[in-house]
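# Report on the structure
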Amino acid sequence: MGDPGAAGCAPDLEINMKLYIGNKNYSSWSMRPWVLMKQCGIDFEEVMVRFDSFDAGSAFKTALQGVSPTGKVPVLVDDDGLAIWDTLAIAEFLAERHPEKALWPRNARRRALARSMCAEMHSGFGALRSHCPQNIEAHLPEVGARLMAERADVRADLARLIALWEQALELSGGPFLFGAFSIPDAYFAPVAGRIRTYGLPVSAPVAAWIERLWAAPGVAAWVADALAEQDFLDFEEPYRSGRG
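Cut-offs and rules
- Residues numbered from 1 in each chain as written.
- Predicted model: local features only at pLDDT ≥ 70, side-chain atom pairs only at ≥ 80, totals over all residues.
- Heavy atoms only, no water.
- Axes fitted to C-alpha atoms, helices over the stretch in contact; angles between N-to-C directions.
- Helix = DSSP H or I, 4+ residues; strand = E, 2+ residues; numbered from the N terminus.
- Parallel < 35°, antiparallel > 145°, perpendicular 65-115°, else oblique.
- Left-handed = near helix turned anticlockwise from the far one by under 90°.
- Contact = heavy atoms within 4.5 Å.
- Nonpolar A, V, L, I, M, F, W, Y, C, P; charged D, E, K, R; others polar.
- Pairing = 2+ DSSP bridges.
- Right-handed = clockwise from strand over helix to strand, strands pointing away.
- Core = buried A, V, L, I, M, F, W, Y, C linked by side-chain atoms within 4.5 Å.
- Buried < 20%, exposed > 50% of the residue type's maximum accessible area, 1.4 Å probe, protein only.
- Polar contact = N/O pair within 3.5 Å; in protein donor to acceptor, adjacent residues only side chain to side chain.
- Phe/Tyr/Trp six-rings, centres within 6.5 Å; stacked < 30°, edge-to-face > 60°.
- 1 Å grid on protein atoms, 1.4 Å probe; cavity = no way out; pocket = protein on both sides within 12 Å on 5 of 7 lines; lining within 4 Å.
- Points joined across faces, edges and corners; volume = space filled by probe spheres on them.
- Salt bridge = Lys/Arg side-chain N within 4 Å of Asp/Glu carboxyl O.

A pair of packed helices is captured by two measures, namely the crossing angle of their axes and the spacing between those axes. For the pair helix α4 (residues 108-123) and helix α8 (residues 183-198), the least separation of the axes is 9 Å and the interaxial angle reads 25°. As the angle between them shows, α4 and α8 are arranged roughly parallel. Judged by the twist between their axes, the crossing of α4 over α8 is left-handed. Between α4 and α8, the contacting residues are A114, M117, C118, M121 and H122 on the first element and I183, P184, Y187, F188 and V191 on the second. By residue class, the composition of the contact of α4 with α8 is nine nonpolar, one polar and no charged.

This paragraph deals with the pairing of strand β1 (residues 18-21). In this sheet, strand β2 (residues 45-48) lies alongside β1 in parallel orientation, the contact comprising four bridges. Each bridged residue has a counterpart across the sheet, and for I21 the counterpart in β2 is M48. Crossover handedness for the path β1 to helix α1 (residues 28-39) to β2: right-handed. Judged from the three bridges that link them, β1 and strand β3 (residues 75-77) form a sheet pairing that is antiparallel. Bridging across to β3, Y20 finds its partner in V75.

Right, let's get into the nonpolar core. Counting residues in each nonpolar core, the largest one holds 68 residues, and the members touching the most others are L94, W165, F181 and W209. Looking at this core element by element, the count peaks at nine residues for α8. In terms of nonpolar packing, the next biggest core, distinct from the first, is built from 13 residues, V49, L64, V75 and V77 among them.

As for its position among the elements, S27 is in the loop between β1 and α1. Reaching out from S27, the side chain makes a polar contact with the side chain of S30 at a distance of 2.6 Å. If near-sequence neighbours (up to four positions away) are discounted, S27 is found in contact with G22, F51, V73, Q134 and W222.

Pairing in this open sheet of four strands is mixed, and the strands run β2-β1-β3-β4 from one edge to the other. Lying at the two open borders of the sheet, with one neighbouring strand each, are β2 and β4 (83-84).

Moving on: the packing of aromatic side chains. For any two aromatic rings, the description comes down to two numbers: the centre-to-centre distance and the angle of the planes. All told, the structure shown has 10 aromatic pairs when counted by the stated rule. With centroids separated by 5.2 Å and ring planes inclined at 80°, the aromatic side chains of F51 and F60 adopt a geometry described as edge-to-face. The class for F60 is buried, based on a relative accessible area of 2%. When the centroid spacing of 6.2 Å and the interplanar angle of 80° are considered together, the rings of Y198 and Y239 count as edge-to-face. In this pair, Y198 sits in helix α8 while Y239 sits in the segment after α10 (217-228), placing the two residues 41 residues apart along the sequence.

A word on unusual backbone geometry. A cis amide bond links V73 to the next residue, P74, at an omega of 5°. Here P74 shows up in the loop between α2 (59-64) and β3. The amide bond that connects G174 to the next residue, P175, takes the cis arrangement and shows omega of 10°. Structurally, the position occupied by P175 is in the loop between α7 (152-172) and α8. One non-glycine residue, A102, lies in the positive phi region at around 50°.

With that settled, consider empty space enclosed by the protein. A complete count under the given rule lists one cavity of 30 Å³ or more for this structure. Space inside the largest cavity adds up to approximately 50 Å³. Contributing to the lining of the largest cavity are R32, P33, L36, T87, I90, A91, I183, A186 and Y187.

Turning to the pattern of salt bridges, a few remarks are in order. Applying the stated criterion across every chain yields a total of 13 salt bridges. Put simply, D78 and R97 hold a salt bridge, and the shortest N to O gap is 2.6 Å. Here D78 is found in the loop between β3 and β4, whereas its partner R97 is found in helix α3 (residues 87-97), with 19 residues between them in sequence. A relative accessible area of 28% means that R97 is categorised as partly exposed. R243 is paired through a salt bridge with E137; the nearest N and O atoms lie 4.0 Å apart. Of the two residues, R243 sits in the segment after α10 while E137 sits in the loop between α5 (126-131) and α6 (141-150), which places them 106 residues apart along the sequence. What emerges from the salt-bridge pattern is a single network uniting E137, E237, R240 and R243.

Spelled out as structure tokens, the structure:
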């Protein structure tokens, strides 16, 4: 099935883009383009804008003035100053700019399926995302067990995710969702992290894909940075009162 760490992408030696991101432990939206670019060898300058609060006068909002029209991360800024502030738009921009890297599957039918899956992730799974916020550093299986017992909407979101991932893996044969690492793997990486944090039950094929995904160099680099952060933000922590 190939090398689980292989990106299927040639390295890009020219640095001409900046990617503005939030805390790696908490910022699921930032994780997607960062992991995609790192895994596929698209060089960029990382600009970390740490969360303090999301109020209008916060240091976070102040730092993004003149960069992001929405005041949110991630934002990709090209060398000519063009700002792209939506994760799917960033993915499409990178795919058009680097066709040689096959960020989407090359097969048209599989590419359509991959785009559908990412669009569904972009706008859906609100219950799981709300009740299981990204927290890479945390280990909260007891919270996951309680949520699975009490919340039908979380169970439904998880079942749908498993069905999507199994469909893609069966079609491609792995090691990643569409064979080589591509946009859907980066796009679903934060949800895979939630499954690990909250100990949510998945099928054997999905569990194996998550392990391969977590071992991919781009994802592993993000996770290592997230684990090295020392920030504890109360407004991002519904289930803990401190680290550890």
